[in-house]
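Topology and contacts: notes
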Amino acid sequence: MNRDELTQYLLDKFQDKIELLETGRVEPFFLIKDADYLKSFCREIKEDIKLAADFLCNIGAVDTGERFEVVYNVASIRKKHRFDFKLVMDYEGAEIDSVQEIWAGANWYEREIWELYGINVKNHGNLTRFLLPDDWDQGFPMRKDWDAPDFKRMPEV
Amino acid sequence: MGLIKKLPVYMEKFPGGGLVTTSLNYVFNQSQASSLWYLLFGTACCAIELMATGASRYDFDRLGMIFRASPRQSDLIIAAGTITKKMAPRLRLLYDQMAEPRYVIAMGGCTVGGGPFYYDSYAVEKGIDHIVPVDVYIPGCPPRPESLLEGCITLQKKIKQQKLEDWG
Amino acid sequence: MGGLRTEEFQVNMGPHHPSTHGVCRFILTMDGEVIVRAVPVIGYLHRALEKICENRTYPQCIPVLDRFEYCTAMSCNQVFALAAEKLAGLEVPERAEYLRVIMLELNRIASHLIWFGTTSLDLGAITPFLYGFREREDILDLFEMTCGQRLTYNYIRVGGVAKDIPPEFIPKCRKFLDTFDHKVDDYERVLTENPIFVVRNKDIGIIPPELGISYGVSGPSLRASGVRYDLRRDDPYSIYDRFKFNIPVRQNGDCYDRYMVRIQEMRESAKIVRQAIEQIPEGEITAKVSINFKPPAGEVYSRIENSRGEMGAYVQSPGNSKKPLRVKLRGGSYNQLQIMPELVKGHKIADVVAIMASLDIIMPEVDR
């Protein structure tokens, strides 16, 4: 399916649960309106015969300055197409559901999001120190408002 | 090595004793500088240039240097690659396990002073000289194999200036 | 000797180990000689590349991302340049596309030569290491002639490439390619039918295709398990649809098949470079990109086929700013290290070394 057919198929299938974003440039980019719907959405796109999204490329978190966003990029090996979707949430009480039962590779991606941004992941089972030193106590470094005494910013030229 | 340290004091009292001490100096320094065995320690990009220097075009073996896997069997660490805050205690542990006399070469911009990761990085040690004492600094990102060979020859010159009294 | 009481014990295969391809640590729980559980501990090379990229302009990000995966630095440049070009809607000139393909494929051969050398060094053979690095020096001469650097190039820029190739490049490249196939035959003569190599690699570390897809394994490691998926064919970027090349696929999914796939890939990459240097046209080498490159607001995920799997970059631009808001990098080794605990169960410690070498894991892709 090319880009327009894929967009139309997804909008028909999920109707008012997702919304097409204008910011996606190449592949269709959707916003999932309700964070609780994430797990059933992922299960359905994996099991649907025409979508067959069996390959999870990437899960990333973004701190825009006003809110958190969690971006999922998925692809299909059989059907050779790709699309993306994301969730938005506020700073307080930010949490997402774990999708590692659907794609086993999501385990480490979610652990990294928890460690660097502080977004809680429900039902993960192994949220422990990962990339940072074991005795790190200086907060969540990838947030925009993080600072530390020995952290030097490059000066503007 | 206590006997070697006290030897010059006794030898100087005899006529011609100075000649013996300088000859011993020369023999020890020459034998040490000609067969430095380095520890296989490479974390990042400079490790690939270290391997390329050990390969057939720029050969390390002509300086007498061969790689060893264990710190107890080596007397040189070429710290090639970025050292992060998580890795710093391990580097110190490896350095402590080496037997004296031991030397450290800091290869590449990251080990000299943070390199391209000096600004905006929360997890990089900006230079290794507050972890281990460094003998030779080799700048570059990554330094060419010729720079690395020049650095090793500089270390050999430094070793040849050692005196017996400084040992231990 | 029945009724002997045994206990499990833990062995630490520490961050400094001659065969861990960088600094990776495994905590292995052993029952005698056999591994029961393996836990990888990473983060010893976490340099916060993504935080650095948030404070650099788009052209300044490219040399930073060179260090993301230094064995194939051209691919790192390419994936970011693709993302920035998609955000801004830039069109890259023909000659620049051909130059990019030549550099990317030569870099793929160089990376596979590093893999070949270090794999055989891990398994105890020193001669292939010297062979591999000897060929790699010829390729690095070509790169040095073009952009002045041997390892981290900063060559593929947003909108095109940095410099044109000098006139000596194409004759030297042809001379290299003429003898390269015979050299690969030499490598095969050393290792492929070698009884020690076969015993250490056959039926070790088998990746079932469904498990591999679920964990996100890609690249040669997935093609050795029978899944014919190559981004140069299935999700084409740049001008790969103009070249004729095969995609090697094997069925078993063990370490030996991964070795065979990569050896074949070296030959196929040489084929692509041969076709590209015949077809390269004259022209501009870069599109018109302004000094203050400010792409409009948007987000994009671009991905390419790297020698270790799929490499991707998710870039979000806030609009009207010289710096990206977020750059998230994806490397193929991350997922392959994630599947390693599944593969080593029931094997011995020496097999951990063989499996890690055959998956071609490199730590900066995992730690960033």
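Treat the numbers as computed from the prediction; the structure is a model and nothing was measured.

Turning to the interface of chain C and chain B, a few remarks are in order. Between chain C and chain B, the contact holds 27 residues from the first and 29 residues from the second. Listing elements by their share of the side of chain C that touches chain B, those giving two or more residues are α1 (49-53) and α5 (127-147) of chain C. Along the lines of polarity and charge, the residues of the side of chain C that touches chain B split into 15 nonpolar, six polar and six charged.

All names here are of chain C. Taken in spatial order, the three strands line up as β1-β2-β3 in an open sheet, and their pairing is antiparallel. The open sheet has two edge strands, β1 (9-13) and β3 (34-41), and neither has a second partner. Direction aside, the axes of adjacent strands within the sheet are offset by 25° on average. Here strand β2 (residues 25-31) runs beside β3; their pairing, made up of seven bridges, is antiparallel. When the sheet's bridge partners are listed, Asp31 is paired in β3 with Val34.

Residue and element names in this part refer to chain A. Pairing is mixed in the open sheet, where five strands are placed in the order β1-β2-β5-β4-β3. A single partner strand is all that each edge strand has here, and the edge strands are β1 (18-20) and β3 (55-63). Taking the axes of each pair of neighbouring strands and ignoring which way they run, one obtains an average angle of 25° across the sheet. Contacts between helix α1 (residues 3-14) and the sheet are confined to β1, β2 (29-32) and β5 (82-89), with β1 contributing the most and set at about 150° to the helix.

This next bit is on helix α3 (residues 73-88) of chain C. Residues and elements named next belong to chain C. In a regular helix each residue adds 1.5 Å, so 16 residues correspond to 22 Å; α3 covers 23 Å between its end C-alpha atoms and thus fits that length. With 15 of its 16 residues buried, α3 lies for the most part within the structure. Note on α3: the residue one or two positions beyond its end, Gly89, has a positive phi of about 70°.

Definitions and limits used
- Residues numbered from 1 in each chain as written.
- Chains lettered and ligands numbered in written order.
- Predicted model: local features only at pLDDT ≥ 70, side-chain atom pairs only at ≥ 80, totals over all residues.
- Contact = placed C-beta atoms within 7 Å.
- Helix = DSSP H or I, 4+ residues; strand = E, 2+ residues; numbered from the N terminus.
- Nonpolar A, V, L, I, M, F, W, Y, C, P; charged D, E, K, R; others polar.
- Pairing = 2+ DSSP bridges.
- Axes fitted to C-alpha atoms, helices over the stretch in contact; angles between N-to-C directions.
- Expected span 1.5 Å × (residues − 1).
- Buried ≥ 20, exposed ≤ 12 C-beta atoms within 10 Å, placed from the backbone.

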